[in-house]
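Here's the letter readout for the chains.
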Amino acid sequence: MKPPRTLGVSLAILASVMLFTVLPLLQVAAPLIIQYRLSQVDLPSPDGTGTVRPVAVGSELEGGANGATAFQVGTSALFLVIAIGAWLGRPRWIRGVMLAAVLTLLTVTVITSVATLNAPPDINSGLDSGQSLTTPLIYARLALSGLITLYVLWYLNRGPARAFYRGYYLQRGETTAPLS
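Q: Is there a simple way to explain the overall build of the protein chain in this structure?
A: Looking only at helices and strands, the protein chain has 5 helices and 2 strands in total. In the protein chain, the succession of α and β elements from N to C terminus is α-β-β-α-α-α-α. The buried share among the 180 residues of the protein chain stands at 26%. Looking at the protein chain alone, contacts between residues at least 24 apart form 73% of all its contacts between residues at least 6 apart.

Quick look at the structure:
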């Protein structure tokens, strides 16, 4: 009998998908939605007979952010594929790939967060009233990323999770080769 997917495995996969797929995609989608909505704004004409498109509204999500945005979307999509494989429990080695992906994404999150925290303010981008919120949110994301990564590492290395990915329970005294 194949061991069932335990609640802990389900929670680990869902929490990591929320952190490493949904949150990054929301970070990309929010500016795009705002940019789209601002581009649809029509102002009343000076004579009051109709509407006029404004000359400049909002900002563009172009320039230096395109590479970072593409990387964020690509890694989110790749992690979603890995998480779907981990949810299904096939192929057998997906547990190791999931663990490696979570560790890699935690490393990328820590590097980008530390770089953001240590970067001097860019005077060319203007003053931002939301800048005071950035630092606590980065610290919260780092803490949440660390906790979720620790949970995923801990739970996917437990016996029930290993049995789910192996596809069978071990008999008493039986051992398996380490995951390579």
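Q: Whenever I open this one, helix α3 (residues 94-118) confuses me. Can you help?
A: What sets the pattern is the α-helix's 3.6 residues per turn: residues three or four places apart point alike. Its 25 residues give α3 an end-to-end C-alpha distance of 36 Å, which sits within 8% of 36 Å, the value for a rise of 1.5 Å per residue. Within α3, the full set of buried residues consists of Ile94, Arg95, Met98, Leu99, Ala101, Val102, Leu105, Leu106, Thr109 and Ser113.

Q: What is the right way to look at helix α5 (residues 159-166) in this model?
A: Burial in α5 covers these residues: Ala161, Ala163, Phe164, Tyr165 and Arg166. A positive phi of about 100° marks Gly167, the residue just after α5.

Q: Explanation requested: the side chain of Ser145 in the structure shown.
A: For Ser145, the position within the fold is in helix α4 (residues 131-156). A relative accessible area of 0% means that Ser145 is categorised as buried. Other than its neighbours up to four places away in sequence, Ser145 contacts Leu19, Leu106 and Thr109.

Q: Would you take a moment to explain the nonpolar core for this structure?
A: Formed by 23 residues in total, the largest nonpolar core has its most connected members in Val9, Ile13, Phe79, Met98, Val152, Leu156 and Tyr165. Not counting residues up to four positions away in its chain, the partners in contact with Leu156 are Val9, Arg95, Met98, Leu99, Ala161, Arg162 and Tyr165.

Q: Sorry if this is basic, but what is going on with the side chain of Ser76 here?
A: By the element assignment, Ser76 lies in helix α2 (residues 65-88). From its side chain, Ser76 meets the backbone oxygen of Gln72 in a polar contact 2.8 Å long. Setting aside residues up to four positions removed in sequence, Ser76 forms contacts with Phe20, Thr21, Pro24 and Leu25.

Q: Looking at this model, I keep getting lost on unusual backbone geometry. Mind explaining?
A: In this structure, Pro91 follows Arg90 across a cis peptide bond, with omega equal to -5°. Mapped onto the elements, Pro91 comes out in the loop between α2 and α3.

Q: Please clarify how the packing of aromatic side chains should be interpreted in this entry.
A: Two aromatic rings, taken as a pair, are described by how far apart their centres are and by the angle between their planes. All told, the structure shown has 5 aromatic pairs when counted by the stated rule. Ring geometry for Tyr151 and Trp154: centres 5.8 Å apart, planes at 50°, overall tilted. Of this pair, Tyr151 and Trp154 both sit in helix α4, separated by 3 residues, roughly a single helical turn. Both rings, one in Trp154 and one in Tyr155, keep their centres 5.6 Å apart while their planes meet at 75°; by these two values the pair is edge-to-face. Every member of this aromatic cluster is reached through a ring pair, and the members are Tyr151, Trp154 and Tyr155. In this arrangement the basic side chain of Arg5 is found over the ring face of Trp87, its NZ or CZ atom lying 3.9 Å from the centre.

Q: Sorry if this is basic, but what is going on with the packing of helix α1 (residues 7-39) against α3 here?
A: For any two helices packed against each other, the geometry is given by the interaxial angle and the distance between the axes. Where α1 contacts α3, the axes come no closer than 12 Å and their chain directions differ by 35°. Of the two elements, α1 crosses α3, and the hand of that crossing is left-handed. For the pair formed by α1 and α3, the contact residues are Ile13, Ser16 and Phe20 on the first element and Met98, Val102, Leu105, Leu106 and Thr109 on the second. Of the residues assigned to the contact of α1 with α3, the class counts are 6 nonpolar, 2 polar and no charged.

Parameters and conventions
Residues numbered from 1 in each chain as written. Predicted model: local features only at pLDDT ≥ 70, side-chain atom pairs only at ≥ 80, totals over all residues. Heavy atoms only, no water. Helix = DSSP H or I, 4+ residues; strand = E, 2+ residues; numbered from the N terminus. Buried < 20%, exposed > 50% of the residue type's maximum accessible area, 1.4 Å probe, protein only. Contact = heavy atoms within 4.5 Å. Expected span 1.5 Å × (residues − 1). Core = buried A, V, L, I, M, F, W, Y, C linked by side-chain atoms within 4.5 Å. Polar contact = N/O pair within 3.5 Å; in protein donor to acceptor, adjacent residues only side chain to side chain. Phe/Tyr/Trp six-rings, centres within 6.5 Å; stacked < 30°, edge-to-face > 60°. Lys NZ or Arg CZ within 6 Å of the ring centre and 35° of its normal. Axes fitted to C-alpha atoms, helices over the stretch in contact; angles between N-to-C directions. Left-handed = near helix turned anticlockwise from the far one by under 90°. Nonpolar A, V, L, I, M, F, W, Y, C, P; charged D, E, K, R; others polar.

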